[in-house]
Amino acid sequence: MSNIKVVKFGGSSLADANQFRKVAAIIKSDENRRFVVASAPGKRFSADVKITDMLYACYEKAAKGEAFDKDFDAIEKRYNSIISELKVDISLEKEYENIKDAFAHRAGRDFAASRGEYLNSRVLAAFLGYDFIDPAGYIKFGEDGSFDLETTLSLLSPKLKSIENAVIPGFYGSMPNDTIKTFSRGGSDVTGSIVARAVDAELYENWTDVSGFLICDPRIVDNPKTITTITYKELRELAYMGATVLHEDAIFPVRAAGIPINIKNTNHPEDRGTMIVSESADISKYVITGIAGKKGFSVINIEKDMMNSELGFGRNVLRALEKNGISFEHMPSGIDTMSVLVNTDSLRDKEKSVLDEITYRVHPDHMEIENNLALIAIVGRGMRKARGTAGKIFSALAEAKVNVKMIDQGSSELNIIVGINEEDFEDAVKALYNAFVK
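Within each chain, residue numbers correspond to sequence positions counted from 1 in written order. Under the rules for a predicted model, residues below a pLDDT of 70 receive no local features and side-chain atom pairs below 80 are neither given nor counted, while totals for whole chains, interfaces and linings still include all residues. With hydrogens and water stripped out, all remaining heavy atoms of the structure feed into the side-chain values.

Peer 1: Help me understand the environment of valine 354 in this model?
Peer 2: Comment: elements are numbered from the N terminus, with helices defined as DSSP H or I runs of at least four residues and strands as E runs of at least two. Assignment of secondary structure puts valine 354 in helix α12 (residues 351-362). When the C-alpha positions of valine 354 and serine 193 are compared, they lie 41 Å apart, and in sequence the two are 161 residues distant. The contact criterion used throughout is that any non-hydrogen atoms of two residues lie within 4.5 Å. Aside from chain neighbours lying at most four places away, what touches valine 354 is Ile300, Leu321, Asn324, Ile326 and Leu347.

Peer 1: What's the story with helix α13 (residues 389-399) in this structure? I'm lost.
Peer 2: Since the α-helix packs 3.6 residues into each turn, any two residues three or four apart lie on the same face. A 1.4 Å probe rolled over the protein chains alone gives each residue an accessible area, and that area as a share of the maximum for its type sets the label: buried under 20%, exposed over 50%, partly exposed in between. Within the span of α13, buried status applies to Thr389, Ile393, Ala396 and Leu397. Relative to the axis of α13, the buried residues are bounded by an arc of 95° and lie together on one face. Opposite its buried face, α13 presents the exposed residues Ala398 and Glu399, each directed more than 90 degrees away. Here the arc refers to the set of directions running from the helix axis out to each C-beta atom.

Peer 1: Is there a simple way to explain the packing of helix α4 (residues 93-104) against helix α5 (residues 109-128) in this structure?
Peer 2: A pair of packed helices is captured by two measures, namely the crossing angle of their axes and the spacing between those axes. Interaxial angle, 0 to 180 degrees, is taken between N-to-C directions of lines fitted to C-alpha atoms, where a helix line uses only the stretch in contact. Between α4 and α5, whose axes approach to 11 Å, the crossing angle comes to 175°. Judged on the interaxial angle alone, α5 and α4 are roughly antiparallel. Facing Glu95, Tyr96, Ile99, Ala102 and Phe103 of α4, the residues of α5 in contact are Phe111, Ala112, Arg115, Tyr118, Leu119 and Arg122. Ten residue types, Ala, Val, Leu, Ile, Met, Phe, Trp, Tyr, Cys and Pro, are classed as nonpolar, four, Asp, Glu, Lys and Arg, as charged, and the remainder, Gly among them, as polar. By residue class, the composition of the contact of α4 with α5 is 8 nonpolar, no polar and 3 charged. For this classification, under 35 degrees means roughly parallel, over 145 means roughly antiparallel, 65 to 115 means roughly perpendicular, and everything else is oblique.

Peer 1: I would appreciate a short explanation of the nonpolar core in the present structure.
Peer 2: One recurring pattern in soluble globular proteins: nonpolar side chains tend to sit buried together. Here the nonpolar core consists of buried residues drawn from Ala, Val, Leu, Ile, Met, Phe, Trp, Tyr and Cys, with membership extended through side-chain atoms lying within 4.5 Å. With 74 residues, the main nonpolar core has Val6, Phe35, Leu160, Ile261, Ile276 and Ile376 as its most contacted residues. When residues of this core are assigned to their parent elements, the largest contribution, 7 residues, is made by strand β14 (residues 366-379). If sequence neighbours within four positions are ignored, isoleucine 261 has contacts with Leu203, Tyr204, Asn206, Tyr232, Leu246, Ile251, Val254, Thr274, Met275 and Ile276. Counting residues in each nonpolar core, the second largest holds 44 residues, with Ile82, Leu92, Tyr118 and Ala125 among its members.

Peer 1: Teacher, can you tell me more about a negative patch on the surface here?
Peer 2: Excluding any residue in a salt bridge, patches collect residues exceeding 30% relative accessible area, merging like charges within 9 Å and nonpolar Val, Leu, Ile, Met, Phe, Trp and Tyr side chains within 5 Å. Method for areas: the Shrake-Rupley scheme with a 1.4 Å probe, in which residue coverage is limited to the protein chains shown. Any carboxyl oxygen of Asp or Glu that lies within 4 Å of a side-chain nitrogen of Lys or Arg is treated as forming a salt bridge with it. In this count, Lys and Arg are taken as positive residues and Asp and Glu as negative ones, while His and the chain termini are left out. Note that the charge is assigned to NZ on lysines, CZ on arginines, CG on aspartates and CD on glutamates. A surface patch of like charges, here negative, comprises Glu303, Asp305, Asp365 and Glu368. Here glutamate 368 lies in strand β14. A residue is classified by how much of its surface remains accessible, and glutamate 368, at 38% relative accessible area, is partly exposed.

Peer 1: Can you help me understand unusual backbone geometry in this one?
Peer 2: For residues that are not glycine, phi is negative in most cases, and the peptide bond is trans in most cases. With phi around 55°, aspartate 200 is a residue other than glycine that occupies positive phi space. Considering the arrangement of structural elements, one finds aspartate 200 in the loop between α7 (187-198) and β7 (203-208).

Peer 1: Is there a simple way to explain the pattern of salt bridges in this structure?
Peer 2: Taken as a whole and assessed by the stated rule, the structure comprises 20 salt bridges. For aspartate 189, the salt bridge goes to lysine 8, with nearest N and O atoms at 2.9 Å. With aspartate 189 in helix α7 and lysine 8 in strand β1 (residues 5-9), this pair connects stretches of sequence that are 181 residues apart. Note on accessibility: aspartate 189 and lysine 8 belong to one class, buried.

Peer 1: What am I meant to see in the sheet that holds strand β4 (residues 166-169) here?
Peer 2: What holds strands together in a sheet is hydrogen bonding between their backbones, with the strands either parallel or antiparallel. Taking strand neighbours across the sheet as the criterion, the 8 strands line up as β3-β4-β2-β1-β7-β9-β10-β8 in an open arrangement whose pairing is mixed. Each having just a single partner strand, β3 (131-132) and β8 (229-231) make up the two edges of the open sheet. Together, β2 (33-38), β3 and β4 form the strand contacts of α5, whose direction differs from that of β4 by roughly 170°. At least two bridges found by DSSP between two strands is the condition for calling them paired.

Peer 1: What is the right way to look at the environment of leucine 414 in this model?
Peer 2: Within the secondary structure, leucine 414 sits in the loop between β15 (404-409) and β16 (415-421). Here the alpha-carbon distance between leucine 414 and arginine 381, two residues 33 residues apart in the chain, equals 5.4 Å. If we ignore the near neighbours within four places in the chain, the residues touching leucine 414 are Lys233, Glu234, Glu237, Ile378, Val379, Gly380, Arg381, Met383 and Arg384.

Peer 1: Would you explain the sheet that holds β16 in this entry?
Peer 2: Taken in spatial order, the 6 strands line up as β12-β13-β11-β14-β16-β15 in an open sheet, and their pairing is antiparallel. Since the sheet does not close on itself, it has two edges, and those belong to β12 (328-330) and β15, each with one partner. Strand-to-strand twist across the sheet, computed as the mean angle between neighbouring axes with direction ignored, equals 40°. Bridge count for β15 against β16 is 5 bridges, and the pairing is antiparallel. Counterpart to methionine 406 in the pairing with β16 is glycine 419. The strands touched by α12 within the sheet are β11 (290-303) and β14, with β14 carrying the most contacts at an inclination of about 105°. Sitting on the sheet, α13 is in contact with β14, β15 and β16, with an inclination near 20° to β16.

Peer 1: Honestly, the side chain of asparagine 265 in this entry has me stumped. Any pointers?
Peer 2: For asparagine 265, the position within the fold is in strand β9 (residues 261-265). Looking at asparagine 265, its side chain comes within polar contact range of the side chain of serine 211, at 3.1 Å. Polar contact is defined as a pair of N or O atoms within 3.5 Å, subject to the rule that within protein one atom must be able to donate a hydrogen and the other to accept it, and that residues adjacent in sequence are counted only when both atoms are side-chain atoms. Only 2.9 Å separates the side chain of asparagine 265 from the backbone nitrogen of asparagine 267, close enough to count as a polar contact. Excluding anything up to four places from it in sequence, asparagine 265 contacts Trp207, Thr208, Asp209, Val210 and Ser211.

This is the structure we're talking about:
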């Protein structure tokens, strides 16, 4: 593994000229930060509009045959303002004309969305004095639209190893017919991960507007503590339960190569941030690593005497769900009872069909659907060695007068999931945070 660092900067980090200067200072402060992945300009203030959204709006008008010059002028003004304030020797006029012409010829929504990263990276490369690499020539998707890592690495690795420094736009690549294709989720994060893998980086730094991941949602708990170190497995558990952390798609290229990710704050570069690693010898200050949850679940409660001795009972219940196109989240069970948790939206308008199918397959003694449930995951590698964690969870929820409807613990002892009424969700998160962290 090399000592190269790949750095990715999000939209808020590159929203205006002042942010560009901060980014340049961060990059230049460490000579190992050789490859930069850039997002499109984000919001400069709360009422502002992201460049990507402006591009989408322009393209919608173009696709309908409506005039969009005035809308595109606002986009040009944003970029020209950055160029002017930074005194960068670059003109994007030809690029603007090419984009407008492509819009008029229905180049596609993916092309439209990608131009924010493309233009911003042009400006950043000129400002830094780095090479510019268009990912359309190196990041490849297959005919079915799935990302092709093997082909991408075969093209991108030799290219990056032949140059000293470069800026690469995030968010997109190309299809076999050379049309632009964007990543569906966490686009620029994914590109940063791919670039880090391509150069066998020592570290992938993901710079944003927060100093790392927080133990729980700051909209529920005031000023929650930052997670200093988290493993990929813990991250996956928290992300699955709704935590706004890096998506799995953004992790897999570096996870396979064992390259750590450091989430850092562009506005506070001195902060340690959060390290995401394969395995950690770092002893967490707390028993838990994070708390995450979401609302919108329903539970199908099934009762039948001696169901535990009925061969294939669980399989037949799941087949009934499968026939209705529904996947399950959790399935805790007892000797004569089984509860199947599903996403409420997936069950909508299918309740009767599902119950009829389950009745046909397993003939339960009693069955009902309960709605308005929330799930909360308490995640942490430290839970394996800590005694009384479950007891602490129940005590904290009991003191907060929260009734636990369900509990489920994975065999890895990495997480404990509790099901509660939606109305108790915020109180439950606060109680758990106070019990383990405060």
